[in-house]
Amino acid sequence: MYAYIVENKLRKIFAAINAGDVSLMLNGLATDFTYRFEGDSPISGLRNSRTSMALWWERLYRLFPGFHFEVKEVAVLGPPWDTRIHAVLDFIVPHQPDGPYKNVVMQFMRMRWGKVTYIQTLEDIQRCSRYLAWSAAQGCEEALAAPITDQAWPGPGPFLRA
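This structure is a prediction, so every number in the text was calculated from the model and none was measured. Along each chain, numbering runs from 1 in the same order as the chain's sequence is written. This being a predicted model, a pLDDT of at least 70 is required before a residue's local features are given, and a value of 80 or more before pairs of side-chain atoms are given or counted; all residues contribute to the totals for chains, interfaces and linings. Just so you know, side-chain values use all the structure's heavy atoms and leave hydrogens and water out.

J.: What's the story with the side chain of Glu-123 in this structure? I'm lost.
T.: Counting from the N terminus, the helices are the DSSP runs of H or I reaching at least four residues and the strands are the DSSP runs of E reaching at least two. Looking at the element boundaries, Glu-123 is found in strand β6 (residues 115-123). Contacts are residue-level and defined by heavy atoms, with any inter-residue pair within 4.5 Å sufficient. Discounting chain neighbours no more than four positions away, the residues touching Glu-123 are Phe-37, Ile-43, Asn-103, Val-104, Val-105 and Cys-128.

Shown next, in the form of structure tokens:
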């Protein structure tokens, strides 16, 4: 029963996001949370403040106009004080004349007493990079912007952005 309640809540959050309302998502975050989006793009980064999360969602709506998520699969494991959630989503942006942009998103979340403490998001970053390069070629400068992040991202290293 608990897993059903958590999955239903998650589906409602994504429905609200699809309608342009991120307040349910933001209100579902614990006071101390981490949102990690892998990759090296304007949407990657590590966020742990509501301010940076709100700015990130605003950017996502600008970079991917009309996007929506389709929740494909949700697995909820563990008790209310240590819940783990795995979600598989399709991320779709209507686009003409070539057809929609589609990407697969996988999220791992941890929740404690109804509040999300950790989210890690993975997607096909090559596909995302191609879309952002196309968007930049259309004149969207933000498609080349640095990530909105509360910590250095992804950090120094020979294969990482300096």
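J.: Is there a simple way to think about the packing of aromatic side chains in this case?
T.: Aromatic ring pairs: the centre-centre distance and the angle between the two ring planes describe each pair. When two rings of Phe, Tyr or Trp (its six-membered ring) have centres within 6.5 Å they constitute a pair, described as stacked for plane angles under 30 degrees, edge-to-face for angles over 60, and tilted for the intermediate range. Counting across every chain of the model gives 17 aromatic pairs. With a centroid separation of 5.8 Å and an interplanar angle of 45 degrees, the aromatic rings of Phe-37 and Trp-56 are classed as tilted. Linking Phe-37 in strand β1 (residues 29-37) with Trp-56 in helix α3 (residues 50-63), this pair joins segments that are 19 residues apart in sequence. A single burial state applies to Phe-37 and to Trp-56, both of which are buried. Ring plane angle 15 degrees and centroid distance 4.8 Å describe the contact between Phe-64 and Tyr-131, whose orientation is recorded as stacked. You can see Phe-64 sitting in the loop between α3 and β3 (68-77) and its partner Tyr-131 sitting in helix α4 (residues 125-137), a full 67 residues away along the chain. For Phe-64, a relative accessible area of 1% corresponds to the buried category. Throughout this description, buried means an accessible area under 20% of the type-specific maximum (1.4 Å probe, protein chains only), exposed means over 50%, and partly exposed covers the range between.

J.: Looking at this model, I keep getting lost on the pairing of β1. Mind explaining?
T.: A regular strand places its side chains so that they alternate between the two faces of the sheet. The pairing of β1 with β6 spans five bridges and is classified as parallel. Paired with Tyr-35 across the bridge in β6 is Ile-119. Note that β1 and strand β2 (residues 45-47) share three bridges and pair antiparallel. Residue pairing in the sheet places Phe-37 in a bridge with Gly-45 of β2. What makes two strands pair is DSSP finding at least two bridges between them.

J.: Would you mind going over the pattern of salt bridges with me for this structure?
T.: Two side chains with opposite charge may pair up if their charged atoms get near one another. Note on definitions: salt bridges are taken to be side-chain nitrogens of Lys or Arg within 4 Å of carboxyl oxygens of Asp or Glu. According to the stated counting rule, one finds nine salt bridges in the structure shown. Its salt-bridge partner being Lys-72, residue Glu-70 comes within 3.3 Å of it at the nearest N-O pair. Linking Lys-72 and Asp-90 is a salt bridge whose minimum nitrogen-to-oxygen distance equals 3.7 Å. Of this pair, Lys-72 sits in strand β3 while Asp-90 sits in strand β4 (residues 83-93); the two residues are 18 residues apart in sequence, bridging distant segments of the chain. What you see here is one network of salt bridges that share partners, running through Arg-59, Arg-62 and Glu-142.

J.: I'm lost on the environment of Asn-48 in this one. Help?
T.: Residue position: Asn-48 is located in the loop between β2 and α3. Note: C-alpha distance between Asn-48 and Pro-158 (110 residues apart in sequence) is 26 Å. Those residues within four positions of Asn-48 in sequence are excluded, and the remaining contacts are Phe-33, Thr-34, Asp-150 and Gln-151.

J.: Explain a nonpolar patch on the surface to me, please; I cannot follow it from the model alone.
T.: Two joining distances apply to patches: 9 Å for like charges and 5 Å for nonpolar side chains (Val, Leu, Ile, Met, Phe, Trp, Tyr), and every residue must have over 30% relative accessible area and no salt bridge. Here the open area of atoms and residues is found with the Shrake-Rupley method and a 1.4 Å probe, where only the protein chains shown may cover a residue. Residues Met-1, Tyr-4 and Ile-5 make up a contiguous nonpolar surface patch of roughly 420 Å² in combined accessible area. Looking at the secondary structure, you find Tyr-4 in helix α1 (residues 2-18). Residue Tyr-4 is classed as exposed on the basis of its relative accessible area of 56%.

J.: Which parts of the structure should I look at to understand the pairing of β3?
T.: Sheet analysis places β3 next to β4, joined by nine bridges and oriented antiparallel. Pairing of Ala-75 across the sheet is with His-86, part of β4. With antiparallel pairing between neighbouring strands as the criterion, β3 and β4 make up a hairpin whose turn holds five residues, including Gly-78 at a positive phi of roughly 95 degrees.

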